[in-house]
Amino acid sequence: LGWRWIFFINLPIGIFVITMSLLRLKESATPSRGERFDLLGAGTFSVGLTALLLALTLGPSYGWATFSIISLFFVGGVFFTLFIVIEGRMGKEAMLDISLFLRNRLFAAANLSAFLNYTSYFGVGFLMSFYLQRVLGFGPAEAGLILLSMPLVMAFLSPVSGWLSDRFGSRSLSSAGMALVCLGLFMFSTLSVDSSRLDVIVRLLVLGVGMGVFASPNTNAVMGSVEKNRLGVAAGTLATMRFMGQSMSLAVMGAVAATAIPSKILSDLFIGLRSEAGTVMAEAFVEGIRRAFFVSGFISALGIFTSLVRGKGK
């Protein structure tokens, strides 16, 4: 049907979800009518995040020491600092309630763990899709089926781990999940140009089990750590951590991978060109993604620590 259908296929799903939301979802409390939208906080956050992602994305091409990249990092730092100051002054009307991070250890640790989790693993599917097709020579359909092994495991385990977290708490489950994600990423850092289909699937399964064990208990912890009238803020904060982590994951993995892959080879590989030095191109790409997964493994290791210090919760 063509690549545009990857977007069209979501339209009936979206229409169904909107319809069911309108018909079935009910307000659990009277909304606050007097609150203002934190436009200034949203603006400074957006500028800061955009500048940081641009710097990480363009750094390998322009050079990390160039004026433009240094300026982008500087702008990102300045606007993030302004964002924190503004949010501190806005109080409970802030887009991101800083007081929840300062006074609620479970809320802060669980959100930070979510950010580190998504930062460490989200770019795996992107890089592995090119590895499976350009290095191992699989077709798009077969590569997609192989990558499907990770979300299928996640979908099966997430309800189970959510039920277990209701009974036993989130700390041990989320920490164990982060440990498995860490293990899976370090396993990915050992891939080679002649790894087998089974090698990839085993690593994807380990990562999928880790995410399935981590995600539901961690979400449970965030939503259970605030009062009922702050559930919207908690959900929005967690969604922000997830979005930031996903964006950072692609940028960080791409930047690290680019340290081993010349930009010309990377461009040829992404658009599917076959150069006369195909073996050299494949080896350079594999070395780049191995470095990316190795760095991501350390990011997830930091997430194990933040998950463990959350406390037992209530």
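Everything below is about the structure printed above this text.
What counts and how
Starting from 1, residues in each chain are numbered consecutively following that chain's sequence as written. Given that this is a predicted model, residues contribute local features only at a pLDDT of at least 70 and side-chain atom pairs are listed and counted only at 80 or more, while totals for whole chains, interfaces and linings are drawn from all residues. Side-chain numbers come from the whole structure's heavy atoms, not from hydrogens or water. Salt bridge, as used here, is a side-chain nitrogen of Lys or Arg placed within 4 Å of a carboxyl oxygen of Asp or Glu. Strands here are runs of E lasting at least two residues and helices are runs of H or I lasting at least four, both read from the DSSP assignment and numbered beginning at the N terminus. An axis is simply a line fitted to the C-alpha atoms; with a helix, the fit covers only the stretch in contact. Between two such axes, the angle follows the N-to-C directions and lies from 0 to 180 degrees. Here is the rule for angles: anything less than 35 degrees is roughly parallel, anything more than 145 is roughly antiparallel, 65 through 115 is roughly perpendicular, and the remaining ranges are oblique. Crossing handedness follows the turn of the near helix against the far one: under a right angle anticlockwise gives a left-handed crossing, and clockwise gives a right-handed one. When residues are sorted by character, Ala, Val, Leu, Ile, Met, Phe, Trp, Tyr, Cys and Pro go into the nonpolar class, Asp, Glu, Lys and Arg into the charged class, and all the rest, Gly among them, into the polar class. By convention a nonpolar core is built from buried Ala, Val, Leu, Ile, Met, Phe, Trp, Tyr and Cys residues, the set being connected through side-chain atoms within 4.5 Å. Each residue gets one of three labels from its accessible area relative to the maximum for its type: buried under 20%, exposed over 50%, partly exposed in between, using a 1.4 Å probe on protein chains only. Every residue pair with non-hydrogen atoms within 4.5 Å of one another is taken to be in contact. Think of the arc as the fan of directions from the helix axis to the C-beta atoms. Within 6.5 Å between ring centres, the rings of Phe, Tyr and Trp (the latter by its six-membered ring) count as paired, and their orientation is classed by plane angle as stacked under 30 degrees, edge-to-face over 60, tilted in between.

### Some points on the pattern of salt bridges
Point 1. Counting across every chain of the model gives two salt bridges.
Point 2. Among the salt bridges present, the one from glutamate 142 reaches arginine 197, with a minimum N-O distance of 2.4 Å. Linking glutamate 142 in helix α8 (residues 140-147) with arginine 197 in helix α11 (residues 197-224), this pair joins segments that are 55 residues apart in sequence.
Point 3. Among the ionic pairs, glutamate 287 bridges to arginine 291, the shortest N-O distance being 3.1 Å.

### Let's talk about the packing of helix α3 (residues 39-62) against helix α4 (residues 67-90)
Each pair of packed helices can be summarised by the angle the axes make with each other and by the distance between the axes.
Point 1. In contact at an axis separation of 8 Å, α3 and α4 are set at 155 degrees when each is read in the N-to-C sense. Taken together, α3 and α4 sit at an angle that is classed as roughly antiparallel. Both α3 and α4 take part in a crossing whose hand is left-handed.
Point 2. Along the lines of polarity and charge, the residues of the contact of α3 with α4 split into 20 nonpolar, six polar and one charged.

### A look at the nonpolar core
Point 1. Counting 53 residues, the largest nonpolar core has Met128, Tyr131, Leu132, Val200 and Phe293 as the members making the most contacts within it.
Point 2. The element best represented in this core is helix α12 (residues 231-257), accounting for eight residues.
Point 3. When near neighbours in sequence (up to four residues on either side) are disregarded, tyrosine 131 contacts Leu136, Leu191, Ser192, Ser195, Val200, Phe285, Val286 and Ile289.
Point 4. With ten residues, the next largest nonpolar core counts Phe107, Ala110, Ala221 and Val222 among its residues.

### Side note on α8
Point 1. Every buried residue belonging to α8 is among Ala143, Ile146 and Leu147, and all of these are buried. When α8 is viewed along its axis, its buried side chains cluster within an angular range of 95 degrees and face the same direction. Along α8, exposed side chains directed more than 90 degrees from the buried face belong to Ala141 and Leu145.
Point 2. If you follow the buried residues of α8, they end up packed against α7 (124-135), α9 (149-168) and α11.

### Thoughts on the environment of alanine 108
Point 1. Position of alanine 108 relative to the elements: it lies in helix α6 (residues 105-121).
Point 2. Residue alanine 108 is classed as buried on the basis of its relative accessible area of 17%.
Point 3. Expressed as a C-alpha distance, the spacing of alanine 108 and threonine 66, which sit 42 residues apart in the sequence, is 35 Å.

### Focus on the packing of aromatic side chains
Point 1. In total, this model carries 13 aromatic pairs according to the counting rule given.
Point 2. Each ring, one from phenylalanine 45 and one from phenylalanine 83, has its centre 5.2 Å from the other, and the planes form 50 degrees; the classification is tilted. With phenylalanine 45 in helix α3 and phenylalanine 83 in helix α4, this residue pair connects regions lying 38 residues apart in the sequence. The exposure classification of phenylalanine 45 matches that of phenylalanine 83, with both residues buried.
Point 3. Within the aromatic cluster, the residues linked to one another by ring pairs are Phe45, Phe80 and Phe83.

Any link to function would need more than the numbers given here.
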